[in-house]
Structure formats: C-alpha cells, structure tokens
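Coordinates in review
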Amino acid sequence: MEGVTELAAGADVLFLMLGAVMVLAMHGGFAFLEVGTVRHKNQVNALVKILSDWSVCTVVYMVVGYQVAYGVGFFAPAADLLGADKGLGLVKFFFLLAFAAAIPAIISGGIAERARFWPQVLAAGLLVATIYPLFEGVIWNGNLGFQGWLKGTFGAAFHDFAGSVVVHAVGGWLALAGVMVLGPRLGRYTATGGSHPFPPSNIPFLALGSWMLIVGWFGFNVMSAQSVQGISGLVAMNSLLAMVGGVLAALVAGKADPGFAHNGALAGLVAICAGSDLVHPFGALVIGAIGGALFVYMFHVTQERLRIDDVLGVWPLHGLAGAWGGVACGIFGAEALGGLGGVNLLSQIVGTLAGVALALVGGLVVYKAVDLTIGIRLSEEDEYRGADLAVHKIGANPEERHGP
Amino acid sequence: MEGVTELAAGADVLFLMLGAVMVLAMHGGFAFLEVGTVRHKNQVNALVKILSDWSVCTVVYMVVGYQVAYGVGFFAPAADLLGADKGLGLVKFFFLLAFAAAIPAIISGGIAERARFWPQVLAAGLLVATIYPLFEGVIWNGNLGFQGWLKGTFGAAFHDFAGSVVVHAVGGWLALAGVMVLGPRLGRYTATGGSHPFPPSNIPFLALGSWMLIVGWFGFNVMSAQSVQGISGLVAMNSLLAMVGGVLAALVAGKADPGFAHNGALAGLVAICAGSDLVHPFGALVIGAIGGALFVYMFHVTQERLRIDDVLGVWPLHGLAGAWGGVACGIFGAEALGGLGGVNLLSQIVGTLAGVALALVGGLVVYKAVDLTIGIRLSEEDEYRGADLAVHKIGANPEERHGP
Amino acid sequence: MEGVTELAAGADVLFLMLGAVMVLAMHGGFAFLEVGTVRHKNQVNALVKILSDWSVCTVVYMVVGYQVAYGVGFFAPAADLLGADKGLGLVKFFFLLAFAAAIPAIISGGIAERARFWPQVLAAGLLVATIYPLFEGVIWNGNLGFQGWLKGTFGAAFHDFAGSVVVHAVGGWLALAGVMVLGPRLGRYTATGGSHPFPPSNIPFLALGSWMLIVGWFGFNVMSAQSVQGISGLVAMNSLLAMVGGVLAALVAGKADPGFAHNGALAGLVAICAGSDLVHPFGALVIGAIGGALFVYMFHVTQERLRIDDVLGVWPLHGLAGAWGGVACGIFGAEALGGLGGVNLLSQIVGTLAGVALALVGGLVVYKAVDLTIGIRLSEEDEYRGADLAVHKIGANPEERHGP
Amino acid sequence: MKLIIAIVKPFRLDDVKAALNDIGVAGMTVSEVKGYGRQKGHKEMYRGAEYFVDFVSKVQIMIAIPDHLVDKAIAAIRETAATGQIGDGKIFVLDLAQAARIRTGETGDEAL
Amino acid sequence: MKLIIAIVKPFRLDDVKAALNDIGVAGMTVSEVKGYGRQKGHKEMYRGAEYFVDFVSKVQIMIAIPDHLVDKAIAAIRETAATGQIGDGKIFVLDLAQAARIRTGETGDEAL
Amino acid sequence: MKLIIAIVKPFRLDDVKAALNDIGVAGMTVSEVKGYGRQKGHKEMYRGAEYFVDFVSKVQIMIAIPDHLVDKAIAAIRETAATGQIGDGKIFVLDLAQAARIRTGETGDEAL
Ligand SMILES: Nc1ncnc2c1ncn2[C@@H]1O[C@H](COP(=O)(O)OP(=O)(O)O)[C@@H](O)[C@H]1O
Ligand SMILES: Nc1ncnc2c1ncn2[C@@H]1O[C@H](COP(=O)(O)OP(=O)(O)O)[C@@H](O)[C@H]1O
Ligand SMILES: Nc1ncnc2c1ncn2[C@@H]1O[C@H](COP(=O)(O)OP(=O)(O)O)[C@@H](O)[C@H]1O
C-alpha cells in the first residue's frame, strides 16, 4: 500500500508539473500571437514583454498574490516546502502561477505597440498582486464567503472549472481598462471619424502562436483537475470540441480569414474553460461556435464602432468569450442538455458579472494610477519609431538594416 | 485496491490525453512543413487549410467515421460518456481522431497551391467519413473478418502498431489520387517536356514543422499502446532509431540538403510506426534508413520521371515509406533478426497492398467526384495570384505590401 | 499488488519517455536559437547541423558512449532489451542520449558560421564517444572511484542533479576549445584591434528557440529523477525560479536587450540544474539571477576583451553559468540557507574544476586533431558566401532569390 | 519630356501621390531606397555592441512627365513632402529623350 | 550612348532578358519597384478591414546601351514584355553622358 | 550638375561612401539591385533540383553632384569599388537638368 501512496503522490506531482509546463508554453504562444499581429517595428517588444511579465509575476505572485488567494507562503526551509507529498504544493503553485501570469499576457496583446516598458511591467505586477488573486481566492478558495452566499441563494456556487471567468474574462476586462487608459495608437483613428487599421506583420508567426496556445490549453483545462484521480476525459473532449466549434464559426463568419480562424480556436477554448468538466461534447461544440462567432462580430464592433484600439482583440477574445463561457456553463451544464448538472444559471451570471466588474474597475484604477504617476504611454516619437528601437534599441531583423 | 484502480484509470486517461495532444501538435507541424515548402503566396492557405481540415474532420469523424470504424457514437448524456473510467472512451476518441485528421493533413502537402478551399475541405471530410475509417476498422477493430482471414491463412494477422499503413500509406496514396486529379501547378511542367521546380519559400519554417512533427511523433507511436500498462520503451527507442536512420540516409543520399534531411527524419518515423513495438533497435535504424533513402530517391522519380506534381512529396514520404514500413515489420519483426516475432511477411504484404489499393481507388473516386461536381481546382488567375489572396484575401506578410 | 508493480513500471517508462521527448524538443530550440542569432546566410546550416549531430550522436552514444559511461550495450535480442520492466532501460538510454547530444548542440552555437560540415559532425561524434561519457560515468555512475574519493575526503560526493557541470559546463568548455581552434569569423576582428560584431538575423526565431529550450528544460531537470516515485516538485519550482532570476538579472543588466533577456532565462536554467533538487526556491532565484548577470557581463568580456568569437556566447552561457551552478549548489544547498543539505562546497568546487579541465583539454585535443588531419574550417570563399550555399547549396529563403 | 526623380520620406508617399494625381500625373514608379545625407542615421544596440545604421529609409519616386507639368509637379511634391525637418529629400530632373508604352507602342507624351 | 529604363511585369523578366541577350546586350541592372498607373492595385481584407494596395509590383530594367542598339532594344523589350493588358509598362530613354567599367577603367561603348 | 549612377559590389559600399565623403560628396541614395553581366550567377540545389540564380546582388549608388566634382567622384568610386574581379560594376553619368531640396526649396548646386 505504501507503494500506491508513493506512486499516487508522484503521479500527482507529475500531473501538475506537466500542466504547469504546458501553460508555460502557452506564454510563448501569447508572445508569437502578438509578434505576428503587431507591426514589424514592435515585434521585439512583444517578445521581451511576455518574458518579462512572466518573470516579474512569478516573484510577485509567489510573495504576495498566492498569499492573497490561498494564504500560502514560501518562507520556510526547502524541506518543509517539499513536505511528505514530494512537493505537490510547489507544483500547484507553479500551475496556478502560470494562470496568474496569463493576465498580463492577455493584456499585452491589447495594449501593444504603445505602452512604455517598465510601467507596463509595473501594472502587470500590481494586477497579479491584487485584483487577480483577490477574485481567484474568492472563487477558487471560497474566500470572503461569496461562493457560500451564491450557494445559499441560488443552490449552487459559481462554477468555473478552468477559468473562463477567473482568468480570461478578468484578463480581458482588465485589458479593456488598459486599452482605454492608453488610448489608440497614433494614426489608428482620425479626428474626422476615419479608421486606419494596421495590417499584421506576419501571419505564420500569428498562427504559430495560436498553435502553441491551442496545444498548451489542454494542460490549462485538463490539469485543472489538479490530481490524476480527478482527471476527466470529458474535459479533454470538450476542449477539443469547443476549439473546433470556434474555428468553424470563425471560418464561416470570418470568410476564411486567417486571423479570425486562428483566433476563433482560442475563442472556443476560452469559452469552454468554465464548463469543460460538465457539459456534453455537443454542448461544447455549440459553446465554442458561439464563442468564435462572438469574437468575429465583436472584434469588428470594438474596432470600428466603439473605436477602441484593442490590437489583438483581447477584449472580445478573452473578455467576452470568457464571460460567455461563464454563463454558458450554467446553460449547457444542465442535465436537460446532456450535461452533468449541479450548476445554476443565476450563480453563473452573478459570478461572471462580479468578475467583469471587479476587473474593469480594478483595471481602470491600476492603469490610471500608473499613468498619472509615471506615465504609461510611449512618447509620440518613440511610438512612431516603434517600441523595438525605442525601448530595446534593436529591431526584429537587425542584419537587414545593415545592408545598403 | 480501490485506490489502485482509480489511479490506473486516471493514468490511462492522462496517457491517452497526452498522446492525443502530442498528435494534435503534429498538425501544427504539418502546417509549418507546408508553409515553408510552398511559395510565399500560398503560406496563409497552408495554415488555414490544416486548421479547417482538423476542425471539419473532428465533427465528421465523431458523427460518422468513428461509428464506421468502431461502432461507437456519442449521442448519450455526458454522464454516460464519462462512464466509470473517467472518460477513457472520450480521450481514446480524441487520440484516434488525431490519427484520422492526419489523413487530410498528409494530403494537404501534396495538393498544395492549387486546390480550391471548400471543395478540398469537403473531400477531406468525405475521406475521413468513409475510406479511412473503413480500413481502420478492418485492421484495428477486426471488422469484416479480414484480419481473421489473414491469421487463418498465414498464421498471423496484419500487424500495424501505430499506423505505417493505416494512416501513412493510406494518406499518401489518397494524396497521390488527389494530386493526379488536380494535375500539376501552372508552369510546373512544360508541354515540351521541361520541368520547372519551384523553390521553397522558407526553410526555417519547414524545419520548424519537421521538429513539431518529430516531437509529436513519440506520442503517435508510444501512446498507441493506449494504456500505461501497455507502454513499451521499445517503441520509443525504435522511433528514435528510425528517425535517426532516416536523417542519416537522407543526409548522405541527399547531400546535406535541408529539405531531404528534415523530411528524412519523417520518412524514418513513417516507416517504423508499424513495427515499432517489435523490431530490434538496430532493425529500426535500418528500417528508418531505407525509408529515408527511399524518400530521397523516389521524390526525384515522382517529380521528374513520373512528372507528378506532389508539392511536399507526400506520396514518397507517407505512401511509399509507409508501405515499406508495413512490409519491413514483417521482415525485421522476425525473431531471427532480433525482433519479438509473431508477424508474418505475407500478411504484412497483403495488408499493405490492401490499404494501398483501397486508398488509391477510394481517393480517385472521391476527388474525381468532387472535381466533376463542384470543381476542385483554383481558376488559373487565382492560382497565379496565389491562394492567399484568392481565397483568404490576405497574404502572409500584409504589412510589407503597404509600404511603397 | 501485481497491478501496482505493473502500473509503477509503466509510469516510469512514461516518465522517462516524456523527459526524453522534452529534451529532444530542446534540440529544436538549440537550432532556432542559432538560426536567429547567425547571419541569414548560415541559417540553413544551423538547422541541418543540429539534426545531423543529433543523429550521429545517437548511433555513437548507443554503440560506444553509453558503454563507456554505464557499461550497457544493446547487442541483445529485443526481448531481452525490453526485459520485465517494459523497456525502462531503453527509455533511460533515450533520456541520457538527449543529454549527451546536447554537447554538440551547445558547441554548435559557438562555432557557428565557419566550421566545415562533416568534420564538425565527426568532432561531435568523437566527443560523445569519449570525453563526455567519460566524465558522465565518473560523476553519475561512480566510475573510476572519483566520487568515492570526494566523499571520503570532503564528506560528500559531487552533486550534480541534472547536469550543470556534466552537461553544460562540459559542453561550454568544449565549445571554447572548438572556438579557439577555429578562430574568429572573417572580419569579426581587425588586425588593428577593431571589433565588428555581426548583428543577428532574426530575433523572433531566436526567441522561439529560447522558448523551446525553456519548456523542454523542465523535462531535463524534473525527469532527472528518473522515476515517478523519485519526482520532486522542488525541482520544478527551482527551475522556474532560476529561469525567472536569469531573465530579471539579464533584463536589468542588459537594459531590456532581447538577446540577453532570452538567453538570461537559459543562463538561469543552466545554473540551477545541479542543485535544483536541494536548494530553496529563493536560493534558486538568486542562483539564476547570478547566472543571468554573469552571462551578460562575461559575454561582453568574451567578445570584446578576450576577443573570442563565440557566436552565441555558449561559453559564458553554458560553460560559466554551468560552473557557477556546480559551485552554487554547494553554497545554497546548505541547510543554513534553507536547502536540504548533504552537499559540500569543496566537493562541488573540485568536481566542477575537474569537469572544466577535462573538457578544455579534451576539446583542444579533439578539435586540433580534426583540424590538423582533415581541416575543420571553411575556405574563406565558402565562409564569405555563407555555409548555406557553400555546404547545402541552398539558402534559407530560396524563393526570394528567384525574383529579379 | 522630363524624368523627375524625387527622394522623399516614406510616410509622405501617400500624400505626394495624391497631390500628383490631382495635377494630372497619371503614373509613377516607386522604390525603396536608403538615403545618406545631412540627416544622420541612428545607433542600435544588441548584446552590448553598438551598430550604427548610417542609412535612412527613403522612398524614390520616378515620374516621366510632359514638359508643361514639370513645374507643377515639383511644386506639388515640395508642398506635400516637406516637413521642414532635415532629411525631407530631393527632387532631380533629367531630360527624357524618349518614352514608349509597351502595350500599345505609343511614344512621347502619349506614352505617359 | 543611351540609358534605357524599362518598367515591366515581373513574370516577363526572363523573356525580356533573353531577348536583349539575343540582340547583343551583355549587361543590365534590375530592381524591384512598385508601379502606379492605369492598372489599379487590389483590395485585401483582414479581420473584416479592407486594405487597398495601390501599388503593383513591377520590375525595372536599366540598360546602358550604344546608340545603334537602342531601337533594337526597345523593339525587343516591347515584343517580349507586352501581354496586351493594361499595366504592361513603359520604356524610357535617357542620354548617357558617360560610362565607365570600374574594373578596367574603360569608358564609352567599351564599358558596357 | 550631373547624376552619377554607380553599380558596385555590396561589400564595397562602406568604402565607396567614405571615399565620396572625403572628396566632399555630402549625400547619396542607395538601393539594392540585381545585376546581370559578364559575372555569372550561381547554381543552387534543392531536393535534387537545380536552380540557376542568374542575377548577382549589387548596390546602386545615385549621386547628384556639381560638375566640378564629377571626375573626382568617378575616380573615388573606381579606386574603392574595384577588386579587379569580373563584376566590379559600372559608373554611368547623366546630365542633371535641375535639382531641388524639398525642405528649403533651394535649387541647383545648393540643393545637393
Ligand atoms: N547628392 C545627393 N545625391 C543623391 N541623393 C541625395 C543627395 N543628397 C541627398 N540625397 C538624398 O536625399 C535625402 C535627404 O538628404 P539630406 O541631406 O539628409 O536632407 P535634406 O533633404 O534636408 O537636405 C538623403 O537621405 C538621400 O537619399
Ligand atoms: N508617368 C510615369 N512615370 C513613371 N512610371 C510610370 C508612369 N506611368 C506609368 N508608369 C509605370 O508603368 C507601369 C504601367 O503603367 P500603367 O499605366 O499601369 O499601364 P500601361 O503600361 O498599360 O500604360 C506603372 O505601374 C508604373 O510603374
Ligand atoms: N549595359 C549595362 N547596363 C546596365 N548595367 C550594367 C550593364 N552591364 C553591366 N551592368 C551592371 O554592372 C554589373 C557588373 O557587370 P559585369 O559585366 O558582370 O562585370 P564588369 O563590371 O566587370 O564588366 C552587372 O552585374 C550589372 O549590374
């Protein structure tokens, strides 16, 4: 029996470690999705930003955020941290950090091409120390009694298996706040109502980023079970179907546009996180398809009607498809629709709205504060030259600049 | 004991999920292999095609193909699909779907640069609904008594552990049919016997695709065991050695050509799928080396002597190296050559020929049917402009087109 | 109980297989790190080199090196190789091969853009047949009594959990030898003391390589436990923290330079390999940060003061950060600093120096021997045209050369 | 007929083109060039090493034009390309001995 | 001596080159340019937004040539570059005041 | 005023530029071109197929220059661009009818 316990403990550490690494790999995906979508003069910045945000967030979440969300700290000897379960607590931290660090990675795509480097990193750190873990703890650790209240009131707590709301909607609405505080890129909109979208630099890099995200997403969702014994093949299946739904809807609604198709897959995956453990695969297909269509439609509204310069469209992608996922889980999770049941639509709506509201307000406060104190926007000249030369002193293809 | 069963069930779900995701990642590899090999004006098309084929095939295989091959459907409540084994059946579907979807991904590279988008997707869907699962079921599910007959006649069933024939040879010969129906790209061959090969656009992307395929292939082969208890280190070792054999042979035969070297690795891996669980590692090295050399030699024959415009060379790569793998398993699997035995060369030859014949005939029927009804070839003008602009209305590097 | 043993055996095979594949994927990372850093005319060469070195080393290590290090060979029927443990010995070989093959992959970046192809492959093969497995066996298999002697003398053997010294320092110092034998690239330094660094071709590819390495590194470190039961969440956590420390230090010391930031992550990971199983996470953060800063500082010294043309900076990255990792493990591993204890600083220093000395001397001997016999440097003209055209007869973007 | 070769800042191209269109210039041929002049290049840094990029990106506009439009064209280019900053560029005018339209074979002003 | 500058469709380049070779033109200098003229550009779409690509890819061929070959060269270019469709391009001819071969210092027709 | 168009080997550009600077040429416009001439291209191979790259990479330098500097400039280019090997390039000189600086409107030698 000893052997079994040992094996089970080891298997769980492996399980979460694999999950953590798969989500870490998604961050490379975030980087390339942005590299491909921004203009060439901001490619390097996209890359360095993602890596730096990840690094700063690791330290911040370890020292502050994780304490806020789960009351767990790391100021103990290594032997204690390791404990009797082969350091399960450590890989759990790693896994959840990879979620937390997705917040700035999501935002990054929205505020691309015009934010100053260090102020942007500072804002990322602040968000991962406060707003994000606050909501994370409320939903996933039962902090502040919110979940208890929902359960008492509506009969079920807010269900968000892998973070449609906790991670994606929150990230997307924080991004919206950041984008609004920063304002549009130079020349994106004219005073007379004109709109000049900037074409992307590199579709293959964008697609590479999308593939890295798609593949890693199965770690994001499946490993949210947090133990081998808790694993569910349904989560994998539903993630697949939602991704497929997202692609198909975006393909049709977006007329085979490569940007829509590759982001449609992500919209589907964003939408399924919350209910991936309890909806039926066909439900997942529909959830993903609606996520994909929503993205295509709302991307246009964001850019052209609301005139919000959200470069990668992270608000429609994560903010809206994520909120839809939170709600959808309350619909398609019902047994009547083939789901496993145990969810309540009102709980889902209230929980989703709470996340969205907190993110929007918190985001406005943090970005406004950073902007008013140290300033978060590049100077016009720096923005014009591009963040690569302005911040990093080098472009994406330096050798080319040295020919004639 | 309860704990052990639970753990074992969870481990199997994890195992197949990892395998499925690794093979999913291979599809990104298929995309980049094609992106790098085609001309710049068809890069976007390669990317969108792979993603769309995957998505359509998921739905088709779920609703039709899987039923054809294994008689299993998904029209039951989620609770039933999940069952008592943590949804093992669902990840098994996911894993096998990733194989099925490899069929259009293989074909895609052959018919690149000139096929219409939706007709091509339609053909992919038809193949994954019919021809592929038909043969898959015959070989891997014992349908129609073919395996029983082989066993009765030659003493052993047709052995194809991870699909040298079921996936690769079938995919490669289907592709040959598609390529023949489509005909060569404009300007590829002249009426007077001239041959104008088109140079590839981007070797690094091609190599990236190859790396993604190589890495994912270990999921393709090793996870074909379908349970942790069935895992075999020999499969991993043999896959390694065959890949290495393929590289080395292609390197020498191809004079350090980057296209041959990176495809040589794949040729080795294609060839080893069938016998990876029972040949000796040195046998695998030889099988892979012959696969690599065969690819190099037959690529030239295909292009220049047969004047078949198979853009990525998927017929020699998957069709021929796959068939070789089916046969090789009957040779090197023998105990006399250090293998584990239990295979029969005649069974292998007959099984391989059956797959090849079915694929060629089935492929001709499907592609001809699509061509005659809705037409599968791009108009000359669209082909000349490139599928990117013609189909997707945007090229791979849009920003560049907007400078002077 | 049968079931448990079976399950445990299967789990271990899976564990090592996953580790091996993750490290295999790192080789793709090595390739892209080099592709992005070298000039455009040497990109293809970087790609083919890594793949070829891997392939040759597989055969060489299987037939010679593994025998030298562990006394294990593969000249037995497959059934015997498979054994009763599902072929654990085979995946163990695969895993350790992936480490061995890192040696030429490390060196490759140092000697880039000027080495002849086959002589370089030959040198790689020689090193993986002799120097590397010699030291590997001494440290990890207790060969020649060196570890016993250290233990007797200082109270603890030399501890190198995942190869800061065995792999990275040895690789880095071998590379230094190779770089010195080859001499600087044409035009890199002028006789009159001038220095003309060559700008990199492609930062996104460099970053992609870095991401591939980072992700795979968790397999490199965590799977060094070599069994599920031996897994430690601390290793994953420490790898994370060291990577983060490396990024942050390189970011600050390198002023947000993309090359430094992305290599800083690797420097941190190099430095933590040795002690990842026993230092405290905050210790890992410091170790990684020092590794990152050391890289930034010593890169400059190497290039400009020592005038050593180590193209990717693999000597500071692997050689110095690796040696630092060997020593750091003796410092931060101490219980007084929150570590798990059981290490001795003197043992660490002696062990590290032994590795460094062996590598430098062995590397000089091998590279000199190859140079004097068949010559290892490209002709001036070939170097000027670039290794791509000279060796592989094709550049990275062939299509572009065929427009006007 | 004259051949005007103007070197301008890339981001002024669209305006220059529009202005030329307005005065009746129906065609032009544009290429990316690198300029060297009073406007100095910039410094880049990579891994601690400095790279001086001497050349500045410019756009070259080549216009074959009937004599009577030359002054108007020069004025139009000047008005739209000038930012008042160093590096705005140059306008060069050459005599054009002959011009032909490939499609029709028309020559002279007809061909432009 | 004259300097011929021809703007042609990229895919005609090889034929033009061959034809020039045939009449004895030994050298030329070619560059990628963007043309604007009667042949209009095209529209692209990305994520629902339209992008107008005004400029059309062309190839510019520059040939320094002895006077006696000018007419032949123009004819050769016309014959091989013409497709009969709008956008076939132009041929411009300038007087060449001087020409020198860098390697030898030869000048005039010798240098070409 | 003259317009010098020199075609040189790419790796000689820096030296040519420095030499021109030395004799007082303050500006120039440079572009990447492909040359065809006595120096032949090279053969590439990919997956067994041969590709002939006919054109050789060259750099084109365009300099508007006052008459009195023309000979000096030609000499400077020749000295720095010549390697003695086939393919060193050419120097072409055209008469420049007019020149203007966009920023200030200065014309003639002043504009250069
Ligand atoms: N003598 C010249 N011949 C050819 N081109 C020139 C010459 N001088 C300047 N140029 C071109 O004009 C551009 C602008 O010139 P510059 O001296 O920088 O500023 P300005 O136009 O304000 O005088 C240069 O970048 C170069 O492309
Ligand atoms: N006035 C001009 N000056 C310089 N180049 C011109 C001029 N007019 C046309 N061109 C060049 O010739 C190309 C073809 O011209 P266009 O008007 O489209 O068709 P066509 O050659 O049939 O008259 C253009 O794309 C442009 O590069
Ligand atoms: N008649 C010509 N007109 C325009 N450019 C030419 C001509 N002849 C040669 N060139 C250019 O000069 C370059 C060098 O010419 P080439 O004949 O190869 O050698 P060389 O300069 O030694 O005579 C060519 O690559 C081409 O760019």
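Keep in mind it's a predicted model, so treat the numbers as computed, not measured. (Residues numbered from 1 in each chain as written. Chains lettered and ligands numbered in written order. Predicted model: local features only at pLDDT ≥ 70, side-chain atom pairs only at ≥ 80, totals over all residues. Heavy atoms only, no water.)

Considerations on the overall build of chain A
What chain A contains, in helices and strands, is 17 helices and zero strands. Taking 2.2 N^0.38 as the reference for a compact globule, 404 residues should give roughly 22 Å; the C-alpha atoms of chain A span a radius of gyration of 21 Å, in line with that estimate. Within chain A, the proportion of its 404 residues that are buried is 71%. Sequence separation of at least 24 residues holds for 79% of the intrachain contacts in chain A that already meet a minimum separation of 6. Per element, the accessible surface of chain A, about 10,700 Å² overall, is 66% carbon and sulfur. (Helix = DSSP H or I, 4+ residues; strand = E, 2+ residues; numbered from the N terminus. Rg over C-alpha atoms; globule rule 2.2 N^0.38 Å. Buried < 20%, exposed > 50% of the residue type's maximum accessible area, 1.4 Å probe, protein only. Contact = heavy atoms within 4.5 Å. Areas by Shrake-Rupley, 256 points an atom, 1.4 Å probe, with all protein chains shown as cover.)

Some words on the overall build of chain D
Along the backbone of chain D there are two helices and seven strands. Taken from the N to the C terminus, the helices and strands of chain D come in the order β-α-β-β-β-β-α-β-β. At 17 Å, chain D has a C-alpha radius of gyration far larger than the 13 Å of a compact globule built from 112 residues. With the principal axes as the frame, chain D shows a C-alpha extent of 60 × 30 × 20 Å. Classification of the 112 residues of chain D by burial places 57% in the buried group. Long-range pairs, those at least 24 residues apart, make up 73% of the contacts in chain D between residues at least 6 apart in sequence. With the model as given, the accessible surface of chain D reaches about 4,400 Å², and the carbon-plus-sulfur share is 47%. The centroid of the 15 positive side-chain charges in chain D is displaced by 7 Å from the centroid of its 15 negative side-chain charges. (Lys, Arg positive; Asp, Glu negative; His and termini not counted. Charge placed at Lys NZ, Arg CZ, Asp CG, Glu CD.)

Side note on the site of ligand 3
In the vicinity of ligand 3, 21 residues are found, and the nearest of them are Thr29(E), Arg101(E), Arg103(E), Arg38(F) and Gly87(F). In the environment of ligand 3, an oxygen atom lies 2.7 Å from a nitrogen or oxygen atom belonging to the side chain of Arg101(E). Between ligand 3 and Lys90(F), the relevant distance is 3.2 Å, taken from an oxygen atom to a side-chain nitrogen or oxygen of the residue. In the complex, the protein chains occlude 99% of the 550 Å² of accessible area that ligand 3 would expose alone. (Near = heavy atom within 4 Å. Polar contact = N/O pair within 3.5 Å; in protein donor to acceptor, adjacent residues only side chain to side chain.)

Overview of helix 6 (residues 117-129) of chain B
With 13 residues, helix 6 of chain B should cover 18 Å at 1.5 Å per step; its first-to-last C-alpha distance of 19 Å lies within 8% of that length. Most of helix 6 of chain B sits out of view: 10 of its 13 residues are buried. (Expected span 1.5 Å × (residues − 1).)

Description of the interface of chain E and chain F
Each partner contributes to the interface: chain E provides 26 residues, whereas chain F provides 30 residues. Of the roughly 2,300 Å² buried at the junction of chain E and chain F (both faces included), carbon and sulfur atoms supply 60%. Across the contact surface, chain E and chain F share one salt bridge. Asp54(F) is the partner of Lys17(E) in a salt bridge, and the nearest nitrogen-oxygen pair spans 2.2 Å. Remark: the boundary between chain E and chain F carries 11 residue pairs in polar contact (both at pLDDT 80 or more). Looking at the side of chain E that touches chain F, the elements with two or more residues in it are helix 1 (13-22), strand 2 (28-36), strand 5 (56-65), strand 6 (89-95) and strand 7 (98-101) of chain E. (Buried area = accessible area lost by both parts, 1.4 Å probe. Salt bridge = Lys/Arg side-chain N within 4 Å of Asp/Glu carboxyl O.)

Let's talk about the interface of chain A and chain B
Across the boundary between the two partners, chain A contributes 54 residues, which contact 61 residues of chain B. Between chain A and chain B, a total of about 4,500 Å² is buried, with carbon and sulfur atoms accounting for 83% of that surface. Our count for the chain A to chain B interface comes out at zero salt bridges. At the junction of chain A with chain B, the criterion picks out 10 residue pairs in polar contact (both at pLDDT 80 or more). Every element with two or more residues in the side of chain A that touches chain B is listed here: helix 1 (2-37), helix 10 (203-222), helix 11 (233-253), helix 12 (258-272) and helix 13 (281-305) of chain A. With 11 residues, helix 11 of chain A is the largest single contributor of residues to the side of chain A that touches chain B. Of the residues assigned to the side of chain A that touches chain B, the class counts are 42 nonpolar, 10 polar and two charged. (Nonpolar A, V, L, I, M, F, W, Y, C, P; charged D, E, K, R; others polar.)

Observations regarding the packing of aromatic side chains
Under the defined criterion, the tally for this structure stands at 69 aromatic pairs over all chains. Ring plane angle 15° and centroid distance 3.9 Å describe the contact between Phe99(A) and Phe220(A), whose orientation is recorded as stacked. Taken as a pair, Phe99(A) in helix 4 (residues 88-100) and Phe220(A) in helix 10 lie far apart in primary sequence, 121 residues in all. An aromatic cluster of three or more residues is present, and its members are Phe32(A), Phe205(A), Phe32(B), Phe205(B), Phe32(C) and Phe205(C). Sitting above the plane of the Tyr36(E) ring, Lys40(E) keeps its charged end 5.1 Å from the centroid. (Phe/Tyr/Trp six-rings, centres within 6.5 Å; stacked < 30°, edge-to-face > 60°. Lys NZ or Arg CZ within 6 Å of the ring centre and 35° of its normal.)

As for the site of ligand 2
Neighbouring residues of ligand 2: 21 residues in total, closest Thr29(D), Arg101(D), Arg103(D), Arg38(E) and Gly87(E). Per-site note: the chains with residues close to ligand 2 are chains D and E. For ligand 2, an oxygen atom lies 2.7 Å from a polar atom in the backbone of Arg38(E). If you list the elements that add at least two residues to the shell around ligand 2, you get strand 2 (28-36) and strand 5 (56-65) of chain D together with strand 2 and strand 6 of chain E. Here the shell around ligand 2 is built from residues that sort into eight nonpolar, seven polar and six charged.

Here's the deal with the relation of the copies chain E and chain F
Take chain E, turn it by 120°, move it 0.0 Å along the axis, and it overlays chain F with an RMSD of 0.0 Å. Accordingly, the operation relating the two chain copies is best matched by a three-fold axis. Taken as a fraction of all interface residues of chain E, those also at the interface in chain F reach only 8%, which identifies the copy contact as different-surface. (Least-squares fit on C-alpha atoms with pLDDT ≥ 70 in both.)

Topic: a negative patch on the surface
A cluster of acidic residues, Glu400(A), Glu400(B), Glu400(C), Glu32(D), Glu32(E) and Glu32(F), forms a negative patch at the surface. In this fold, Glu400(A) is placed in the segment after helix 17 (387-392). Assessed through its relative accessible area of 57%, Glu400(A) is described here as exposed. (Patch = residues over 30% accessible without salt bridge, like charges linked within 9 Å, V, L, I, M, F, W, Y side chains within 5 Å.)

Some remarks on the packing of helix 9 (residues 164-182) of chain A against helix 15 (residues 345-373) of chain A
Residues and elements named next belong to chain A. Across the interface, helix 9 lies against helix 15 with an axial gap of 7 Å and an inter-helix angle of 35°. The chirality of how helix 9 crosses helix 15 is right-handed. Seen from helix 9, the contacting residues are Val165, Ala169, Val170, Trp173, Leu174, Leu176, Ala177, Gly178, Met180 and Val181; seen from helix 15, they are Gly351, Thr352, Gly355, Val356, Ala359, Leu360, Gly362, Gly363, Leu364, Tyr367, Lys368 and Asp371. (Axes fitted to C-alpha atoms, helices over the stretch in contact; angles between N-to-C directions. Left-handed = near helix turned anticlockwise from the far one by under 90°.)

With respect to the packing of helix 2 (residues 43-70) of chain B against helix 4 (residues 88-100) of chain B
Residue and element names in this part refer to chain B. With their axes 10 Å apart at the nearest point, helix 2 and helix 4 run at an angle of 110° to one another. For the element pair helix 2 / helix 4, the angle class is roughly perpendicular. Seen along the crossing, helix 2 lies across helix 4 with a hand that is right-handed. Seen from helix 2, the contacting residues are Trp54, Cys57, Thr58, Tyr61, Met62, Tyr66 and Tyr70; seen from helix 4, they are Gly89, Lys92, Phe93, Phe94, Leu96, Leu97, Ala98 and Ala100. Of the residues assigned to the contact of helix 2 with helix 4, the class counts are 12 nonpolar, two polar and one charged. (Parallel < 35°, antiparallel > 145°, perpendicular 65-115°, else oblique.)

Focus on the side chain of His168(C)
Residue position: His168(C) is located in helix 9 (residues 164-182). When neighbours within four sequence positions are excluded, His168(C) is seen to be in contact with Ile106(C), Gly163(C), Trp217(C), Phe220(C), Val270(C), Cys273(C), His318(C), Gly319(C) and Gly322(C).

A closer look at the pairing of strand 6 (residues 89-95) of chain D
The buried fraction of strand 6 of chain D is high, at six of seven residues. For strand 1 (residues 2-8) of chain D and strand 6 of chain D, the ladder comprises seven bridges, and the chain directions are antiparallel. Bridged to Ile7(D) within strand 6 of chain D is Lys90(D). Summarising the sheet, strand 6 of chain D and strand 7 (residues 98-101) of chain F pair through four bridges and their orientation is antiparallel. Paired with Ile91(D) across the bridge in strand 7 of chain F is Ala100(F). (Pairing = 2+ DSSP bridges.)

Thoughts on the pattern of salt bridges
Applying the stated rule across the entire model yields 48 salt bridges over all chains. Of the charged contacts, one joins Glu6(B) and Lys86(B) as a salt bridge, the two residues approaching to 3.2 Å between their closest N and O atoms. Placement of the pair is Glu6(B) in helix 1 (residues 2-37) and Lys86(B) in the loop between helix 3 (78-82) and helix 4, with a sequence separation of 80 residues. Connected through shared salt-bridge partners, Arg39(A), Glu113(A), Arg185(A), Arg188(A), Glu304(A) and Asp309(A) make up one network.

What to know about a nonpolar patch on the surface
On the surface, Val63(A), Val64(A), Val68(A), Phe75(A), Leu134(A) and Leu144(A) cluster together to form a nonpolar patch covering roughly 570 Å² of accessible area. No other element matches helix 2 (residues 43-70) of chain A, which puts three residues into the nonpolar patch.

A word on the environment of Ala11(C)
Mapped onto the elements, Ala11(C) comes out in helix 1 (residues 2-37). For the pair Ala11(C) and Gly351(C), spaced 340 residues apart in sequence, the C-alpha to C-alpha distance is 33 Å. Beyond its immediate stretch of four places on either side in the chain, Ala11(C) contacts Leu7(A), Val228(B) and Val228(C).

A few points about the pairing of strand 4 (residues 49-53) of chain F
Residues and elements named next belong to chain F. Residues Ala49, Tyr51 and Val53 point to one face of strand 4 and are all buried, whereas Glu50 and Phe52, pointing to the other face, are not buried. Sheet analysis places strand 3 (residues 42-46) next to strand 4, joined by five bridges and oriented antiparallel. Bridged to histidine 42 within strand 4 is valine 53.

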